Amino acid sequence: MMRAGILVKPGIIELRETEVPKPSQGELLVKIKAALTCGTDLKAFRRGHPVIPMPGLFGHEFSGIVAKVGRGITRFKKGDAIMAVHSAPCLACRYCRKKLYNLCENIMHTKILGAFAEYILLPPHIVRQNVFHKPPNLSFEEAAFLEPLSCVVHGLESVPVRQNDDALVIGSGPIGLLHLLLLKEKGAMVSVMDKHEDKLKKAKKLGADHVLLFKGNVVNYNKSVIPRLDRGIQKKLDNPDTPYNDKMLNTPVVVAEIKNSPRDFDFDYVFECTGMPDVWETSVNYVRRGGTVILFGGCKSGTIVTYNTERLHYDEITLKGVFHYTPADVKKAYKLLCNKNLNVSRLISGRFPLNQTQKAFENLSKGIGIKYAIVP
Ligand SMILES: [Zn+2]
Ligand SMILES: [Zn+2]
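Anyway, here's the lowdown on the structure attached to this text. (Residues numbered from 1 in each chain as written. Chains lettered and ligands numbered in written order. Predicted model: local features only at pLDDT ≥ 70, side-chain atom pairs only at ≥ 80, totals over all residues. Heavy atoms only, no water.)

## What about the environment of L138?
For step 1, the next point in the chain: You can see L138 is positioned in the loop between strand 8 (131–133) and helix 4 (140–143).
For step 2, the next point in the chain: Taking relative accessible area as the criterion, L138 reaches 2% and is therefore assigned buried.
For step 3, the next point in the chain: As a C-alpha pair, L138 and C338 span 200 residues in sequence and 6.8 Å in three-dimensional space. (Helix = DSSP H or I, 4+ residues; strand = E, 2+ residues; numbered from the N terminus. Buried < 20%, exposed > 50% of the residue type's maximum accessible area, 1.4 Å probe, protein only.)

Dropping the structure here:
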């Protein structure tokens, strides 16, 4: 028997005894060594999630040791340390045939959950494409970053970020911070914006060139008038206490948290990492003409946002949605982790045993910590 964390309903995770699964042909049974909490898990814990059924197994970022191999497996043997992601494309649907593997029609309903458990069973399509040997110099916790890093790699693959490009990351949660680490790795100048000051302190520690404290009154945001953040606002930035005029009230008010604020808001790239509709809308205010906004954070289903057509037409800005990852993205993320340049373990706020998974999510719900490791 083994213990597995079950998300029973929003706010309730129960540890239940279940049978240890037996690997069939092409399957791999993995003993979990480390699993990580993720923003998607937190959304599910708080209010439920369309792709995380309840009650059901929970958790999808993990690494571990091969406990048993199914027939026909030659790449792995019992005792191998591995790292993996929880999905893989079918390679047969019309999107897979066009090599749009992240958009595979089957990728979401053939994914697996259950990383907050003692064992997890990996099905053949994942074993064939998205399981890797963990190098000894990488800890199990670092190795468990393969899944979230693959998502971030996928988004960054869609834009040619070069040395000294100006990038703005909106949202200083685990995904925003992974963007920061990867953008710094590419040599970009990175600003991070958030409404929580303590989260910005973390971003600064992790190498953000600038941090911006968001203090917008989005309730009063006038959607019919979306003025561009012009250079006039920069003067106000130097003195955050200056009263704002009427025109500025239509714009989300941004004040610099540190004295050396960015020169202006002509960012080459803006990465939306909050999944909040008002942030999706205002993210276009920070990008330069011809620049690109990467929309990473998923909003609630059914959400509709509006944009000023002038920014898209005369300013030729690109809005790019990104979702999930392809096996090529996973390989890139694997190499990045193996090179150890990103030092992702700095994102882990603490560790909890399996029977305290609930506690880890309660902390995250209260805004305590960024990402926790669950160690069975
Ligand atoms: Zn995740
Ligand atoms: Zn497919």
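There is more to say, and it comes next.
## Some remarks on the sheet that holds strand 4 (residues 56–57)
For step 1, the next point in the chain: Overall, antiparallel pairing links the 3 strands, which are arranged 2-1-4 in an open sheet. Two strands in the sheet have a free side with no partner beyond their single neighbour: strand 2 (12–18) and strand 4.
For step 2, the next point in the chain: Summarising the sheet, strand 1 (residues 2–9) and strand 4 pair through 2 bridges and their orientation is antiparallel. Its bridge partner lying in strand 4, L7 is registered against G56. (Pairing = 2+ DSSP bridges.)

## Let's talk about the pairing of strand 6 (residues 81–84)
For step 1, the next point in the chain: Two elements, strand 5 (residues 61–69) and strand 6, share 4 bridges in a ladder whose sense is antiparallel. Bridging from a neighbouring strand, F62 pairs with A84 of strand 6.
For step 2, the next point in the chain: Relative to strand 8, strand 6 runs antiparallel, the two sharing 3 bridges. Residue pairing in the sheet places M83 in a bridge with F132 of strand 8.

## Quick notes on the nonpolar core
For step 1, the next point in the chain: One finds L146, L149, L183 and F271 to be the most contacted residues of the largest nonpolar core, which totals 51 residues.
For step 2, the next point in the chain: Looking at this core, the elements that each hand over two or more residues are helix 5 (146–157), strand 9 (166–170), helix 6 (174–185), strand 10 (189–194), helix 7 (197–205), strand 11 (210–214), strand 13 (267–272) and helix 12 (327–339).
For step 3, the next point in the chain: Leaving out residues up to four positions away in the same chain, L183 has contacts with L156, V161, A167, V169, A188, V190 and F271.
For step 4, the next point in the chain: Among the nonpolar cores identified, the runner-up in size contains 34 residues, and I13, A44, F45 and I374 belong to it. (Core = buried A, V, L, I, M, F, W, Y, C linked by side-chain atoms within 4.5 Å. Contact = heavy atoms within 4.5 Å.)

## Some details on the coordination of the zinc ion (ligand 1)
For step 1, the next point in the chain: At this site the zinc ion (ligand 1) is bound by C38 (SG), H60 (NE2) and E61 (OE), with donor distances of 2.1 to 2.4 Å.
For step 2, the next point in the chain: The sequence pattern formed by the donor residues of the zinc ion (ligand 1) is C-x21-H-E. Of this pair, C38 sits in the loop between strand 3 (28–36) and helix 1 (39–47) while H60 sits in the loop between strand 4 and strand 5, and the two are 22 residues apart along the sequence. The two residues C38 and H60 agree in class, both being buried. (Donors = N, O, S within 2.8 Å, 3.2 Å for Na, K, Ca; no water.)

## Section: the pattern of salt bridges
For step 1, the next point in the chain: Enumeration over the complete set of coordinates arrives at 12 salt bridges.
For step 2, the next point in the chain: R289 is the salt-bridge partner of D315, the closest N and O atoms lying 2.9 Å from each other. Here R289 lies in strand 14 (residues 287–295) and D315 lies in the loop between helix 11 (309–313) and strand 15 (318–321), a separation of 26 residues in the sequence.
For step 3, the next point in the chain: A residue is classified by how much of its surface remains accessible, and D315, at 5% relative accessible area, is buried.
For step 4, the next point in the chain: Residue R289 is classed as exposed on the basis of its relative accessible area, which comes to 54%. (Salt bridge = Lys/Arg side-chain N within 4 Å of Asp/Glu carboxyl O.)

## Thoughts on helix 12
For step 1, the next point in the chain: Between its terminal C-alpha atoms helix 12 stretches 19 Å, which fits the 18 Å expected from 13 residues at 1.5 Å a residue.
For step 2, the next point in the chain: Turning to helix 12, its buried residues number three or more, namely P327, D329, V330, A333, Y334, L336 and L337.
For step 3, the next point in the chain: Packing partners of the buried residues in helix 12 comprise strand 6, helix 3 (124–130), strand 8, helix 4, helix 5 and helix 6.
For step 4, the next point in the chain: Phi for K340, located one or two positions after helix 12, is positive at around 65°. (Expected span 1.5 Å × (residues − 1).)

## Examining a nonpolar patch on the surface
For step 1, the next point in the chain: A contiguous nonpolar surface patch, about 250 Å² in accessible area, is contributed by L100, L103 and F323.
For step 2, the next point in the chain: With respect to the helices and strands, L103 occurs in the loop between helix 2 (94–97) and strand 7 (119–122).
For step 3, the next point in the chain: On the accessibility criterion, L103 (40% relative accessible area) is partly exposed. (Patch = residues over 30% accessible without salt bridge, like charges linked within 9 Å, V, L, I, M, F, W, Y side chains within 5 Å. Areas by Shrake-Rupley, 256 points an atom, 1.4 Å probe, with all protein chains shown as cover.)

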